[in-house]
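The primary structure of each chain is shown beneath.
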There are 2 protein chains.
Amino acid sequence: MLLIKRFGSTFQRINTICQAKQPGDSLGVRGWIKNIRRLKNNIFLDINDGSTTQKFQIVVPKNDATKALTAGSLIKATGKVQLAPHGHYELHADEVETLADGHLTEGFPFSPKQHHAPEYVRDYLHLRSRVDYIAAAMRLRHKAQKALHDFMDNNEFVQIHTPIITTNDCEGAGEVFTVRPDSESLLNQMSRPDVPKENSYFDSKVYLTVSGQLHLESMSYGLGNTYCFGPAFRAENTKSPLHLSEFYMFEAEMTYIEDLSSLCTFMEKMIKSISQQILETSSLDLEFCQKNALGDKQVLGWLDKSWITLNYKEALDIIVRNKDKFKTAITPDEGFSKEQELFLVEHCKAPVFVIDWPSAQKPFYMKQSRTDDSIVHALDLLMPSVGELCGGSLRECDESRLRNHPHLPNGLEWYLELRKYGGLPTAGFGMGFERYLQLLSGIKNIRDVIPFPRYPHSCKM
Amino acid sequence: MLLIKRFGSTFQRINTICQAKQPGDSLGVRGWIKNIRRLKNNIFLDINDGSTTQKFQIVVPKNDATKALTAGSLIKATGKVQLAPHGHYELHADEVETLADGHLTEGFPFSPKQHHAPEYVRDYLHLRSRVDYIAAAMRLRHKAQKALHDFMDNNEFVQIHTPIITTNDCEGAGEVFTVRPDSESLLNQMSRPDVPKENSYFDSKVYLTVSGQLHLESMSYGLGNTYCFGPAFRAENTKSPLHLSEFYMFEAEMTYIEDLSSLCTFMEKMIKSISQQILETSSLDLEFCQKNALGDKQVLGWLDKSWITLNYKEALDIIVRNKDKFKTAITPDEGFSKEQELFLVEHCKAPVFVIDWPSAQKPFYMKQSRTDDSIVHALDLLMPSVGELCGGSLRECDESRLRNHPHLPNGLEWYLELRKYGGLPTAGFGMGFERYLQLLSGIKNIRDVIPFPRYPHSCKM
C-alpha cells in the first residue's frame, strides 16, 4: 500500500477502489478503455487496468478534448468518486489525458466488446494479457503459487531449487530434452580428451529436468522436510489439453513418514488449505474463470468432502465390475485410463487416493511392501475433471533392495549412498501445478493457465 | 504447527524446542548424532536434525542399549526437557532408538567434528546438506525467496512464470544453451518441410532463457506491475566465484514509471525490506553463515545507510581521479571493472546507483534521453563485496525508435507490437538472487549458496 501511494501519488488501481473508496474521494485512475458510450452531455467509459475483472465506469463531459477517445485508448483520469444509480462506484472525471494512441485502428487483434475463441487468443500470445479471462487466470496463478509457498513455509518445509540442467536422464525413457552450448567455438575451446565434443561444456551429456524428486531427497536427508516448485520438461508429441512440454511441478519430500495414510492426510490437508486461501484472496477471479469456462456449473464440491482411499485391487474391481461403461480397454498391467480415473471419482463421489500398486507399474525408488514384494507403497490422487493430479510414495530406504532393483538407472550411485550412510523413512509426492489450476478454475485447455505455453510445433516468443 | 503435531506426535524439531520448551515437558527428538561424550554414568549426545545450527544436547544413561551409539548414528530419543547448567535446554532421555546404522565406518566423507574446506564439501554434493553451514545457507535461501514473494505480493505485483525454453537468443551474444529432444525418432516423426530436422519439435531453434524481461513486459502491458523469479542460464567458460551456468534471477517490471529516481527508490525500499524480513526470520542462520565465512567482520552496514545516486559521468570522474589505485585499466567505453565498482561503493561509503549511461554500452530496449540520444536511462546498482547487484532501466516505449535501433535483434516483431498498440511508460530491473545471498551472508563462492551448482565441467547429479 505504501508503494502505491509513493509511486502513484493519488492514483489507485480499480480492485482497490472497488473495495474501499467513499463517495467524494478525489482520485486518479489509469488504464485501457474497454467500452465507450456517448450520451448527450457525457461520455461513459468502462476502464480496465489489469487489477480486476470488475467493471469500473468513468463519466467525462463531452467536449473537444474528450471526443477523440476511443475503445482501446490508454488514459489517465482524475476526479471524484460517486455512487452510481446501479450501486457501484464510478469516477466523475474533471480531466482525462490520453497516455498512448488508440490501438484499434491498425490491426489490433482483440475487439474490446467481442468474445474471441481461446485458439484465436492464443495466436497473439504477446498481447493476450489484455484479454479479461487470461488476466484473471494469471492473477489466480500468482495467488495459487503464493498460497503454496505460504503453506509450506508455515509448516517448516525448506524450499529447494532443484536443478534444471541435470545428468539424470529420467530412467532413459527417451522423453527428455538435451542441452548444449550454442557456440561451436566454446565447445572446441573447452574440449577434453575422452569427452565427446558436444558434451565438453559439462563433461557429460545433460538434460532438462523431468522431476526434482531425487535431488530433493538428498536435501531432505540433511534438512528434514523440503519442497520444490519449478519448471519440468517432457519431450512428448501430444496435443492433449492436459499436457505441456514445459510445465510447473510442485514436489514435497517428508522425513519420518512410515505409512501412506500419513502422506494422504498431509496431501488432503495441503490441497484443501491452499484452495481455501485462494478462495479468500481471489474469489472474483476464480468465479470469473469458472463462469467463462463452465457457465454456472459448480466445480469445487470436492473441497467439502472427505477424500476416499482405495487400494489398487479394490479400484480395479470397481472398474472391472463396470466394464460396459468404458470406451477404453481395461489394462490391469498399465493402470487406469483418464476415463476410468474419472469414473472412480464419480463412483466414490469424492477425490480418491489409489494406494498399494503393483511394483511392475511403478519406478524403482518406491518402497516395496515387506510382506509382498509385488506391491509398492505408491499412491495416485484422482480428482474430478482432471483425473490424476498427484503421484507419490514411500521411498525405498534399504540400499540393497535399491541396488538390486531390475530398473535402477545408471549413474545413481549418489542416490544409493544417501541410504548407505543412514537410510531414513521418507515419503513424497508431486503435483502438476497447471492441472491444479485447471481443477480450480475449470479452464479446459492447459495452454490457458500458463503465461507462455510450449507444446509440439509451438514455442512463441 | 498442526502438521508437526499430527505427523510427529510428541516429536519436535530442535529449532522449536530451543525457542519454546519448558523444563519438565515430555518430548521426542529425531536426528543425527554430531558429537558424543561418554562420562561415568551418562552419555552426552549433540544432535542435529537440520532445523537449526543451535546445538542441542541429549543425556542418556550408559547401558547395554546405548553403548553402541556412535557419532553419525540416526536416532530417536524421548524423555523430559531440563535446563542444563550452561543455561540451555537439554533432553534427559529415557529411551534412545537407532533409526539407521551409523555411517562413519564405511567411507562417509564428513567427520562430524572436523571442519572441511568448501572445495572438499562440494565434491560430495549429494551429502552436503548434512554439513552445518550448507544447511544454514539453504534455510537462509528459502527464507530469502519467501521474503521476496511476500514483499511483491504485498505490493500487488503479479508473479509471472516467464518461459525457460524460448526462441529469443539474447541478442545473438553466443552465450546461450540450445535445447532439442534427445530422441532422433521423435525428431523424424515430427519433421516438417522447410524446418531443419534438429528443430522439428518446436519448428524453430530454441534456447534456455537468459532473462524473462521481454516476456514480463508483454504481461505488464495487460496486468500492471509484474515480476518473475526463476532460473536463467549462461554458457560462459568462467571459474569466477560470482558466476554460475544456471542461476536464479529476480526481475520486476513496473508500469507508469517516468523517471529513474522512482525506480531507484523502489529498489532501495525493496532490498532493505526483504533484508529486514530475513534478519527477523533467519538471524541465527545468517550469523552462522557470516561467522563461518568472515569471522566477526560486520557486513550489513549498507542496510542503515541512504544509498547514493551518481550519473555515469560523475562515477567515471571519480575513477579517473583515482586511477593510480587500480590494477584494472579504465575503459570508458565498457563500463567499470569489479575493482572499480567496489571502489565507488567504498568512496561513497554507501551502495551506489550509477545512472544515465552511454547508449552504446547498453541494450536496445533502454529508453533514450529525449534531450541527448547518446544517453540511455539505465542504472546499475553497486553494492559492497559483490559489486553490481542489479541492472535496470526505463524501457523505450516509442515503437519507431525501437524499430530503428541499430542493435534490434531479429524475431522481436512481437515486442514492437506491444508499443504499437499503445506504448506505456514502464521500467524494470533484474537482480541476481545468488549474488544477493552472497551479499547478505558473506559466503565467498556462489557455488555454496545454491543447492546444485552448475558450472564449466561440472554438472553433478
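Look above for the structure.
As the structure is a prediction and not an experimental result, all values here were calculated from the model.

Calculation rules
Residues numbered from 1 in each chain as written. Chains lettered and ligands numbered in written order. Predicted model: local features only at pLDDT ≥ 70, side-chain atom pairs only at ≥ 80, totals over all residues. Heavy atoms only, no water. Least-squares fit on C-alpha atoms with pLDDT ≥ 70 in both. Contact = heavy atoms within 4.5 Å. Buried < 20%, exposed > 50% of the residue type's maximum accessible area, 1.4 Å probe, protein only. Helix = DSSP H or I, 4+ residues; strand = E, 2+ residues; numbered from the N terminus. Buried area = accessible area lost by both parts, 1.4 Å probe. Salt bridge = Lys/Arg side-chain N within 4 Å of Asp/Glu carboxyl O. Polar contact = N/O pair within 3.5 Å; in protein donor to acceptor, adjacent residues only side chain to side chain. Phe/Tyr/Trp six-rings, centres within 6.5 Å; stacked < 30°, edge-to-face > 60°. Lys NZ or Arg CZ within 6 Å of the ring centre and 35° of its normal. Pairing = 2+ DSSP bridges.

S.K.: Tell me about the relation of the copies chain B and chain A, residues and numbers included.
M.R.: Superposing chain B onto chain A requires a rotation of 180° together with a translation of 0.0 Å along the rotation axis, leaving an RMSD of 0.0 Å. Such a turn and shift between the copies fits a two-fold axis. Judged by C-alpha distance, B:Val179 is the residue of chain B that lies nearest the rotation axis, at 2.4 Å. Comparing contact sets, 99% of the residues at the interface of chain B also lie at the interface in chain A, consistent with an isologous, same-surface contact.

S.K.: Explain helix 10 (residues 338-348) of chain A residue by residue, including any values.
M.R.: Residues and elements named next belong to chain A. Among all positions in helix 10, only Gln-340, Glu-341, Phe-343, Leu-344, Val-345 and Cys-348 are buried. Elements in contact with the buried residues of helix 10: strand 12 (308-311), helix 9 (312-321), strand 13 (352-358), strand 14 (375-383) and strand 15 (387-394). Looking one or two residues beyond helix 10, the residue adopting positive phi is Lys-349, at roughly 55°.

S.K.: Provide a residue-level description of the interface of chain B and chain A, including the pertinent values.
M.R.: Taken together, the contact between chain B and chain A spans 116 residues of the former and 115 residues of the latter. When chain B packs against chain A, close to 10,100 Å² is buried across both sides, 60% of that on carbon and sulfur atoms. On the surface where chain B and chain A come into contact, there are six salt bridges. Across the pair A:Asp153 and B:Lys143 runs a salt bridge, and its minimum N-O distance is 2.8 Å. Along the contact surface separating chain B from chain A lie 62 residue pairs in polar contact (both at pLDDT 80 or more). Tallying contributions element by element places helix 4 (residues 132-154) of chain B first for the side of chain B that touches chain A, with 12 residues.

S.K.: For the packing of aromatic side chains, give the residues involved together with the corresponding values.
M.R.: Enumeration over the complete set of coordinates arrives at 48 aromatic pairs over all chains. Here the aromatic rings of A:Phe108 and B:Tyr421 are separated by 5.1 Å at their centres, their planes lie at 65°, and the arrangement is edge-to-face. In this pair, A:Phe108 is assigned in the loop between strand 5 (89-100) and helix 3 (118-122) and B:Tyr421 in the loop between helix 12 (413-420) and strand 16 (426-432), connecting two distinct chains. Relative accessible area serves as the criterion here: at 12%, A:Phe108 is assigned to the buried category. On the numbers, 5.3 Å between centres and 80° between planes, the contact of A:Phe364 with A:Tyr365 is edge-to-face. The pair formed by A:Phe364 and A:Tyr365 is uniform in burial state, with each residue classed as buried. A cation sits over an aromatic face here: A:Arg141 above A:Tyr248, 5.2 Å from the ring centre.

S.K.: Go over the pairing of strand 10 (residues 226-233) of chain B, please, and point to the residues and values.
M.R.: Residue and element names in this part refer to chain B. With respect to burial, strand 10 is a largely interior element, eight of its eight residues being buried. Strand direction decides the pairing type here: strand 6 (residues 158-159) and strand 10, joined by two bridges, are parallel. The partner of Val-158 across the bridge, within strand 10, is Thr-226. Here strand 10 pairs with strand 11 (residues 246-255) via eight bridges, running antiparallel. Bridge pairing in strand 11 places Phe-229 opposite Phe-250.

S.K.: Explain the side chain of A:Gln145 residue by residue, including any values.
M.R.: Within the secondary structure layout, A:Gln145 lies in helix 4 (residues 132-154). Since its relative accessible area comes to 0%, A:Gln145 is described here as buried. With sequence-adjacent residues up to four places away left out, A:Gln145 is seen in contact with A:Phe229, A:Phe433, B:His149, B:Gln159 and B:Tyr227.

S.K.: Please set out the pattern of salt bridges residue by residue, giving values where relevant.
M.R.: Per the stated rule, a full pass over the model turns up 52 salt bridges over all chains. Across the salt bridge formed by B:Lys146 and A:Asp150, the nearest N and O atoms sit 2.8 Å from each other. On the criterion of chain membership, the pair formed by B:Lys146 in helix 4 and A:Asp150 in helix 4 is interchain, its members lying in two chains. For B:Lys146, a relative accessible area of 7% gives the class buried. Of the charged contacts, one joins B:Arg139 and B:Asp285 as a salt bridge, the two residues approaching to 2.8 Å between their closest N and O atoms. Of this pair, B:Arg139 sits in helix 4 while B:Asp285 sits in helix 8 (residues 283-294), placing them 146 residues apart in sequence. Assigned by exposure class, B:Arg139 and B:Asp285 land together as buried.

S.K.: Could you give an account of helix 13 (residues 433-441) of chain B, naming the residues involved and the relevant values?
M.R.: Residues and elements named next belong to chain B. Of all nine residues in helix 13, nine are buried; the element is thus mostly enclosed. Those residues of helix 13 that fall on the buried side of the exposure criterion are Phe-433, Glu-434, Arg-435, Tyr-436, Leu-437, Gln-438, Leu-439, Leu-440 and Ser-441. Two residues or fewer past helix 13, Gly-442 is found with a positive phi of approximately 80°.

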